Structures are given as C-alpha cells and as structure tokens.
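Observations on chain architecture
Take a look at the letters that make up each chain.
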Amino acid sequence: MVMGMASILSSLNGHHHAACWLVLIGYLLDLADGAVARQLNACSALGAKLDDFADFTTFGIATSLLLRTSDLLDNILCMCYVLSVFVRLCFFSSGIPFMYRGLPCIYSSAILASASLLSGGNMTVLRVIAVAMILFMISQNFYPHDKVLESQTWKKVVYAGGVAMVFCSSFPPACVYYLLWSISYILFPTSLWSCKL
C-alpha cells in the first residue's frame, strides 16, 4: 500500500518515471506478501481485507493516474480503469481452488507501467493497452493463482530477476523484463503459471 500511495504522490507531482517504478515495486511486494504471511502463519481475515485495499490503492488508483491528462476522455478512461479494478477485486472470485476469474489487476498494472516507461508515456499506446487490460480484468476467463515464491525454482528465479531489475531501473531491458513476465501470464496462464505445476 505504501508503494501505491508513493506512486500516487509521484504522479500528482509530475514524477511519472518514479510513479511507474513504484507500481512495479508494488507488483513485486504483492507477489511476496501472501507467501510471507503463510510462512509466518499470520494469515487472517483482516490481512485479506488489507491486501485488497492495498491492491486497490496500488493497482487501481496509482496505476490509473499513469493515464491521467487534462483531457476529459483520458480522465474517463482513468475512472473506468479504477472501476474495473474495483469490480475485479470485489466480484470475480471464481469459487474454484487455485483459480481467479478475470486477469488479476497486478498484471494489468505491471503491463501499463512497463509500457509507459518503454514508450516514454505515449498516451496513444497507453490508451490502447488500458482498454485491453480493462477487458481482460472484467472477462470471465480463468487464470491460475500464481504463488511464485511457493512454487517451482524457476519461478523463484524469475521473481529474483524482477528484484534485480529494480536496481537497473534506468535501463529499458528492466522494463522489457516486467512486460514479458506479465504478458506471459496472459498468454500462457495455465501452462506456465499454475501453482499446481
């Protein structure tokens, strides 16, 4: 949640590059927090609610501000993005063990933040990606739970690579890494990312 709030403040103060990287750091922390809670046997109903609130802050509000301009249509797109994250978090429980319904918002946010960094904030590119991510999030498609840190070794290596990329934030390959990681979850959800594999 702290990364999301820091990203919001960065966006509001015109620090677009920092706002994008804070969303990507929030992505890494979100993938780790559940694993840490389970390892410490600290799971609770309150923790689950706080996790949803942190997801909404970082992957809803903070990410939508990456799309904000003075144009009315861009601001409507921001609101649609936030609402799609809200709908995804509130209503899209699949009821199937180890499965999500609709693309988890952390992946759509990572794609938007990476694309924003790679395109230099090109709004045409971001608008197209945002509309696609909204459609993926509200879709009825199933996506596997992605317990990256509680799965195969190669997934832990991918995660460690993501952490290493934070320290290479001035280089475009770092953004490409996050972009490919997130897109692979959309293109190959079950074959690559199922926690049961």
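Since the model is a prediction, treat every value here as computed from it, not as a measurement.

Reading guide: rules and limits
- Residues numbered from 1 in each chain as written.
- Predicted model: local features only at pLDDT ≥ 70, side-chain atom pairs only at ≥ 80, totals over all residues.
- Heavy atoms only, no water.
- Axes fitted to C-alpha atoms, helices over the stretch in contact; angles between N-to-C directions.
- Helix = DSSP H or I, 4+ residues; strand = E, 2+ residues; numbered from the N terminus.
- Parallel < 35°, antiparallel > 145°, perpendicular 65-115°, else oblique.
- Contact = heavy atoms within 4.5 Å.
- Nonpolar A, V, L, I, M, F, W, Y, C, P; charged D, E, K, R; others polar.
- pLDDT = per-residue confidence, 0-100.
- Salt bridge = Lys/Arg side-chain N within 4 Å of Asp/Glu carboxyl O.
- Buried < 20%, exposed > 50% of the residue type's maximum accessible area, 1.4 Å probe, protein only.
- Core = buried A, V, L, I, M, F, W, Y, C linked by side-chain atoms within 4.5 Å.
- Phe/Tyr/Trp six-rings, centres within 6.5 Å; stacked < 30°, edge-to-face > 60°.
- Patch = residues over 30% accessible without salt bridge, like charges linked within 9 Å, V, L, I, M, F, W, Y side chains within 5 Å.
- Areas by Shrake-Rupley, 256 points an atom, 1.4 Å probe, with all protein chains shown as cover.
- Expected span 1.5 Å × (residues − 1).
- Arc of directions from axis to C-beta.

1. Remarks on the packing of helix 4 (residues 72-91) against helix 5 (residues 105-119)
- Remark: helix 4 packs on helix 5, axes separated minimally by 10 Å, with the N-to-C direction vectors making an angle of 155°. As judged from the angle between their axes, helix 4 and helix 5 are roughly antiparallel. Along its contact with helix 4, which presents Tyr-81, Val-85 and Leu-89, the element helix 5 presents Cys-105, Ser-108, Ser-109 and Leu-112.
- Partitioned by chemical class, the residues of the contact of helix 4 with helix 5 number 5 nonpolar, 2 polar and no charged.

2. Observations concerning the confidence of the model for the protein
- Summary statistics for the protein give a mean pLDDT of 86 and a share of 90% for residues scoring 70 or more.
- Mean pLDDT in the protein bottoms out at helix 9 (residues 189-193), which sits at 71, and peaks at helix 6 (residues 123-137), which reaches 96.

3. Let's talk about the pattern of salt bridges
- Throughout the structure, instances matching the rule amount to 1 salt bridge.
- Residue Arg-127 is joined to Asp-74 by a salt bridge in which the shortest nitrogen-to-oxygen separation is 2.6 Å. Of this pair, Arg-127 sits in helix 6 while Asp-74 is found in helix 4, placing the two residues 53 residues apart along the sequence.
- Looking at Arg-127, the relative accessible area reads 32%, which means it is partly exposed.

4. Here's the deal with the nonpolar core
- The biggest cluster of nonpolar side chains holds 49 residues, and the ones touching the most others in it are Tyr-27, Leu-67, Tyr-81, Leu-103, Tyr-178 and Trp-181.
- Of all the secondary-structure elements, those providing two or more residues to this core are helix 2 (16-39), helix 3 (45-65), helix 4, helix 5, helix 6, helix 7 (153-166) and helix 8 (172-187).
- Apart from the residues within four sequence positions on either side, Leu-67 is in contact with Asp-74, Leu-77, Cys-78, Tyr-81, Leu-112, Met-123, Leu-126 and Ala-130.

5. Details of the packing of aromatic side chains
- One pass over the full model with this rule turns up 11 aromatic pairs.
- Relative to Tyr-178, the ring of Trp-21 lies with its centre 5.8 Å away and its plane at 75°, an arrangement referred to as edge-to-face. You can see Trp-21 sitting in helix 2 and its partner Tyr-178 sitting in helix 8, a full 157 residues away along the chain. Of the two residues, Trp-21 and Tyr-178, both sit in the buried class.
- Ring geometry for Phe-56 against Phe-86: centres 6.2 Å apart, planes inclined by 75°, an arrangement best described as edge-to-face. You can see Phe-56 sitting in helix 3 and its partner Phe-86 sitting in helix 4, a full 30 residues away along the chain.
- In this structure Phe-86 comes out as partly exposed when scored by relative accessible area, which is 39%.
- In textbook terms, an aromatic cluster arises when at least three aromatic residues are bridged by ring pairs, as seen for Trp-21, Tyr-27, Tyr-107, Tyr-143, Tyr-159, Tyr-177, Tyr-178, Trp-181 and Tyr-185.

6. Thoughts on the side chain of Thr-57
- In this fold, Thr-57 is placed in helix 3.
- Excluding anything up to four places from it in sequence, Thr-57 contacts Met-1, Gly-4, Met-5, Ile-8 and Ala-62.

7. Focus: a nonpolar patch on the surface
- Taken together, the side chains of Met-1, Val-2, Met-5, Leu-46, Leu-50 and Phe-53 present a nonpolar region at the surface, about 590 Å² in accessible area.
- Sorting the residues of the nonpolar patch by element identifies helix 1 (2-12) and helix 3 as the ones contributing at least two each.
- Met-1 sits in the partly exposed class, given a relative accessible area of 36%.

8. Points about helix 4
- Compared with the 28 Å implied by 1.5 Å per residue over 20 residues, the 28 Å span of helix 4 between its first and last C-alpha is a close match.
- Taken together, the buried positions of helix 4 are occupied by Asp-74, Leu-77, Cys-78, Tyr-81, Val-82, Ser-84, Val-85 and Arg-88. The buried side chains of helix 4 occupy one side of the element, clustering within an arc of 155° when seen end-on. Away from the buried face of helix 4 by more than 90 degrees, exposed residues Leu-72, Leu-73, Met-79, Leu-83 and Phe-91 are located.
- In the core, the buried residues of helix 4 are packed alongside helix 3, strand 1 (99-101), helix 5 and helix 6.

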